Amino acid sequence: MSRVYNFSAGPAVLPDEVLRTAQSELLEYGNSGMSVMEMSHRSKDFEDILDEAEKNLRTLMNIPDNYKVLFLQGGGFTQFAMIPMNLMINRSAGYIVTGQWSKKAAGEAKIFGTVHELASSADKNFSYIPELGDLNIPEDLDYVYICQNETVHGTTIKTLPNTKGKTLVSDISSMFLSEPLDVTKYGLLFGGVQKNVGPAGVVIVIVREDLIRDDVLPFTPTMMKYKTHADNKSLFNTPPCYGIYICGLVFKWLLKLGGVNAIHKINQAKAKLLYDYLDSSKLFHGTVEKKDRSLMNVPFVTGSRELDAEFVNAATQAGLKNIKGHRSVGGMRASLYNAMPVEGVAKLVDFMAEFEKAHIS
Ligand SMILES: *Cc1c(COP(=O)(O)O)cnc(C)c1O
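On a predicted model such as this, the values are computed, not experimentally measured, just so you know. (Residues numbered from 1 in each chain as written. Predicted model: local features only at pLDDT ≥ 70, side-chain atom pairs only at ≥ 80, totals over all residues. Heavy atoms only, no water.)

> Which residues make up the site of the ligand, and what values go with them?
The environment of the ligand is formed by Gly75, Gly76, Phe77, Phe80, Trp101, Cys147, Asn149, Thr151, Asp171, Ser173, Gln194 and Lys195. The side chain of threonine 151 places a nitrogen or oxygen atom 2.4 Å from an oxygen atom of the ligand. The contact in question runs from an oxygen atom of the ligand to an N or O atom on the side chain of glutamine 194, over 2.8 Å. Here the ligand has 380 Å² of accessible area as a free molecule, and 85% of this is covered by the chains. For the shell around the ligand, the element with the most residues is helix α3 (residues 75-87), which contributes four residues. (Near = heavy atom within 4 Å. Polar contact = N/O pair within 3.5 Å; in protein donor to acceptor, adjacent residues only side chain to side chain. Areas by Shrake-Rupley, 256 points an atom, 1.4 Å probe, with all protein chains shown as cover. Helix = DSSP H or I, 4+ residues; strand = E, 2+ residues; numbered from the N terminus.)

Right under this line is the structure:
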């Protein structure tokens, strides 16, 4: 067996330790005589798995009691519709468009009402975060929406927008549990777990109780109401049981490591390794304005498509996988999620330096 360094943007690397635990429990979980995959979601064993996962996530993120934690399906994309269906009561919402994911979310919201684009960085191919301190916020907005870490473009909103009292909704898919967040600043947070928390198939929604309502938009299906899932502790129908179990193992792994503050320090060190090299390199350079750089997704280019392709090939052969950039940005992208060890980033930087030496005289 040889595990590579996997820089994929998602589905992405998981901690070895978590996979080994899952392996050791694959045929029999505890004394249950069966795999978690084979259990009833109404069984005591599974209910304990779900309760413990929620409890540990609450501890990790310091989630107050007046927020519900929902383990749902349908990925991030389903949330792009569920959010307006449940929150767009005046049929009016503000979207801050900083990249592909916020743009897609805004596009989906237009099905349900008026979308006000409050700010955008489309003018420079989403390579920066616009000023968000004094936005023009229409009175009737139901919420202000951000994608806090744009996975494709590699930007992070580091200072939350001034929403002038409106509910803040944030897509944290690609920064979930990578750094401390103050949950009380948001009405709703959500993330597909396949970036930083677990396997594809689970999306976690953290929503303040007063936003969970019965009088959602007409024609909202039962499965698309937050209230359905909140009232049934994520067990209205069969939840993605095995995925939730793996998320639970990741939460335990993080707690053992020292929690979100501890992993944040490690993430800062990893990102610094790569960004420092990019800033000193004569061949490679980052594509994002320095102040807005993501800790998780690092896009970079050589300036030559041919050389980019050559680098991606060479890196792949050296066991540095999934480093090709998204087709809309080109070049390369290294995702440095929680489970990427420092050694992986160090190896990438060494490899880039060698490649640079060979290609610049
Ligand atoms: C991957 C991603 C999504 C979409 O997730 P799906 O689960 O594929 O629907 C949404 N937002 C962000 C920021 C992402 O990185």
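And the narrative resumes.
> Describe the sheet that holds strand β11 (residues 285-286), and please don't skip the residues or the numbers.
Taken in spatial order, the three strands of this open sheet run β11-β12-β14, and their pairing is antiparallel. Either end of the sheet is taken by a strand with one partner, and the two such strands are β11 and β14 (332-335). In terms of strand pairing, strand β12 (residues 297-301) meets β14 through four bridges, oriented antiparallel. Bridge assignment links valine 298 to a residue of β14, and that residue is alanine 334. (Pairing = 2+ DSSP bridges.)

> Account for the packing of helix α6 (residues 241-257) against helix α7 (residues 259-280), naming residues and giving values.
α7 packs onto α6 with a crossing angle of 80° between their chain directions and a minimal axis gap of 7 Å. As summarised for this structure, α6 and α7 are arranged roughly perpendicular, according to the angle between their axes. Of the residues in α7, those touching α6 at Trp253, Leu254, Leu255 and Leu257 are Gly259, Ala262, Ile263 and Ile266. (Axes fitted to C-alpha atoms, helices over the stretch in contact; angles between N-to-C directions. Parallel < 35°, antiparallel > 145°, perpendicular 65-115°, else oblique. Contact = heavy atoms within 4.5 Å.)

> Which residues make up the domain arrangement of the protein, and what values do they have?
Domain annotation for the protein reports domain 1 (16-257) and domain 2 (259-359). Spacing between the C-alpha centres of domain 1 and domain 2 amounts to 27 Å. Listed by partner, the interface residues are 29 residues for domain 1 and 27 residues for domain 2. For the pairing of domain 1 and domain 2, the buried interface totals around 2200 Å² over both sides, and the portion due to carbon and sulfur atoms is 51%. Put simply, domain 1 and domain 2 have zero salt bridges between them. Counting every contact that joins domain 1 to domain 2 gives 14 residue pairs in polar contact (both at pLDDT 80 or more). Of all the elements in the fold, those that place two or more residues in the side of domain 1 that touches domain 2 are β6 (149-150), β7 (155-156) and α6. The element best represented in the side of domain 1 that touches domain 2 is α6, accounting for four residues. (Domains from an automatic or database assignment. Buried area = accessible area lost by both parts, 1.4 Å probe. Salt bridge = Lys/Arg side-chain N within 4 Å of Asp/Glu carboxyl O.)

> Kindly report on the environment of threonine 222, identifying the contributing residues and their values.
Following the sequence through the fold, threonine 222 ends up in the loop between β10 (203-208) and α5 (226-231). In this structure, the C-alpha to C-alpha distance between threonine 222 and phenylalanine 236, residues 14 residues apart in sequence, is 9.9 Å. The residues contacting threonine 222, other than those within four sequence positions of it, are Thr228 and Phe236.

> Account for the pairing of strand β9 (residues 188-192), naming residues and giving values.
In terms of burial, β9 is a largely internal element, five of the five residues being buried. On β9, burial covers both faces: Leu188, Phe190 and Gly192 on one face and Leu189 and Gly191 on the other are all buried. In this structure, strand β8 (residues 168-171) lies alongside β9, joined through three bridges in parallel fashion. Bridge assignment links aspartate 171 to a residue of β9, and that residue is phenylalanine 190. Inspection of the sheet shows β9 paired to β10 by five bridges, in the antiparallel sense. The residue bridging leucine 188 from the neighbouring strand is valine 207, located in β10. (Buried < 20%, exposed > 50% of the residue type's maximum accessible area, 1.4 Å probe, protein only.)

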